[in-house]
Amino acid sequence: MNVLVIGSGGREHSIIKKLTVSKQVDKIYAAPGNGGIAQEATCIDIKESQIEELVTFAKENNIDWTIVGPEVPLIAGIVNAFQVEGLNIFGPTKEAALIEGSKDFAKSIMKKYDIPTADYQTFTNIEEAKQYIESKGAPIVIKADGLAAGKGVVVATTVQEALAAVEMMLVDNQFGDAGSRVVIEEFLDGKEFSLMAFVNGEKVYPLMPARDHKRAYDHDKGPNTGGMGAYSPVPDLKQADLDYAVEHILIPTAKGMKSEGRSFTGVLYAGLIETTNGPKVIEFNARLGDPETQVILPLLKNDLLQVIMDVTNGKNPDLDWEQGYCIGTVVASKGYPGSYQKEVTLPSLREDSNCFIIHAGTGADKEGRYYSTGGRVLLVGSLQKDQQLAQKNIYDYLRVFDEDDKFFYRSDIGFNNSK
Ligand code: AMP
Ligand code: GLY
């Protein structure tokens, strides 16, 4: 079969690596892909947002399956557009992807179907929003309703900070339409984890839990990023909390979406927090997480394309997992998530049977040398029976980046210390 993977990050490289070991896959295309992906698939020069061009490409190149990585094309309706043409595509329709596209919609589903989450209210009016903040006090969390490239959440520790956040969204329109509505919610305390599942209607097949490290610097200091590393599974997560999250969060959400006429097919991602009253939802996404995917897929023993076909056909994919521990540390451009230099040549990346490399923001020149094209450059991962050994492998490998002050990485990924 011919498979097209849409996206250009680490998550997509990880999906492609998994597809290369499938006996059912003949040819893999990536749109647009990256420097590392280009070693394993044919990259085509179509962006993830160019839905019409992607449909045409799939038709003209006999693509049997299309797999969508990022949220933007899902929310824009790429699945609807492929389905109209009778093309196989894995992901939710735009109606179902609204669970990620609108935080107000996601909260309304949780309220209606009794899914544990923070108390909240939604506002479009600045005065009402300010009054609500004054009445609730801090800490309090302000969220832009729509997609804001990961910058739409402000965890305010003072009332002042919260008032400034609503002012920035509702009055200064910093996020445009995405911030013209805000969700203001209760601050929850606890350790966070990510739980994803393959979903088709009411059928839910959970993946291994994972934890990402969102802050830029060691010990969870510094600004929020797209993710500086991850590990899976999560040793401190209680089995009872995991079971509870499947029973009381993932399954009722899938059922609720179906009842709403927005039946979900694809990967449902729950960002969860373990409170003293059990796990609660921080956010839903309508796709695989990044960088969680990079540490979860190496643990999956199944043929990924077969899983996708089974889930789509309403069959149990019988997910089978390695008994190991997988960690991945991101190498980022110095300055990220603020401004940083691009097109910096990477040191040469040696083969190491104990580690794997997943590319995110890289390009490759004619001589095959890699250079940086984005904030998160690549991820060095290791899957081992033993957690300490996985860490040692990764941090031994990462020394190659220490000679260059153009890159940085966290030195504490996988040490169980992250929220
Ligand atoms: P999000 O962009 O929705 O992933 O949110 C970014 C981060 O903000 C989350 O990973 C949490 O650390 C934090 N956050 C979001 N909502 C809450 C909440 N209600 N209470 C505490 N922290 C939160
Ligand atoms: N790791 C968080 C996300 O994928 O949104």
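The text that follows walks through the structure, step by step, so that each part is easy to find. (Residues numbered from 1 in each chain as written. Chains lettered and ligands numbered in written order. Predicted model: local features only at pLDDT ≥ 70, side-chain atom pairs only at ≥ 80, totals over all residues. Heavy atoms only, no water.)

### Notes on the packing of aromatic side chains
- In the structure shown here, the tally under the stated rule is 8 aromatic pairs.
- On the numbers, 6.1 Å between centres and 25° between planes, the contact of Y231 with Y325 is stacked. You can see Y231 sitting in strand β15 (residues 229-232) and its partner Y325 sitting in strand β18 (residues 325-333), a full 94 residues away along the chain.
- Ring plane angle 65° and centroid distance 6.4 Å describe the contact between Y336 and Y340, whose orientation is recorded as edge-to-face. (Phe/Tyr/Trp six-rings, centres within 6.5 Å; stacked < 30°, edge-to-face > 60°. Helix = DSSP H or I, 4+ residues; strand = E, 2+ residues; numbered from the N terminus.)

### Considerations on the environment of L195
- Turning to its location among the elements, L195 is positioned in strand β10 (residues 191-200).
- Accessibility expressed as a relative area gives 1% for L195, which makes it buried.
- Measuring from C-alpha to C-alpha, the distance between L195 and A245 comes to 8.2 Å, with 50 residues separating the pair along the chain.
- Those residues in contact with L195 that sit more than four places away from it in its chain are L207, P209, L242, A245, V246, L250, L268, Y269, A270 and L272. (Buried < 20%, exposed > 50% of the residue type's maximum accessible area, 1.4 Å probe, protein only. Contact = heavy atoms within 4.5 Å.)

### What to know about the site of ligand 1
- The immediate surroundings of ligand 1 are formed by V141, K143, V153, V155, E185, E186, F187, L188, E192, K214, I282 and E283.
- In this structure, an oxygen atom belonging to ligand 1 sits 3.0 Å away from a side-chain N or O atom of K214.
- Across the complex, the protein chains shield 88% of the 480 Å² of accessible surface that ligand 1 would expose by itself.
- Going through the elements one at a time, β7 (140-144), β8 (153-156), β9 (182-186) and β17 (278-285) are the ones with two or more residues in the shell around ligand 1.
- Looking at the shell around ligand 1 residue by residue, the classes come out as 6 nonpolar, no polar and 6 charged. (Near = heavy atom within 4 Å. Polar contact = N/O pair within 3.5 Å; in protein donor to acceptor, adjacent residues only side chain to side chain. Areas by Shrake-Rupley, 256 points an atom, 1.4 Å probe, with all protein chains shown as cover. Nonpolar A, V, L, I, M, F, W, Y, C, P; charged D, E, K, R; others polar.)

### Considering the environment of K107
- With respect to the helices, strands and loops of the structure, K107 is situated in helix α6 (residues 103-112).
- Taking the relative accessible area as the measure of exposure, K107 reaches 4% and is therefore buried.
- K107 sits 112 residues away from H219 along the chain, and the two C-alpha atoms are 30 Å apart.
- The residues touching K107, leaving out its near neighbours within four places in the chain, are T117, A118, Y120, V183 and E185.

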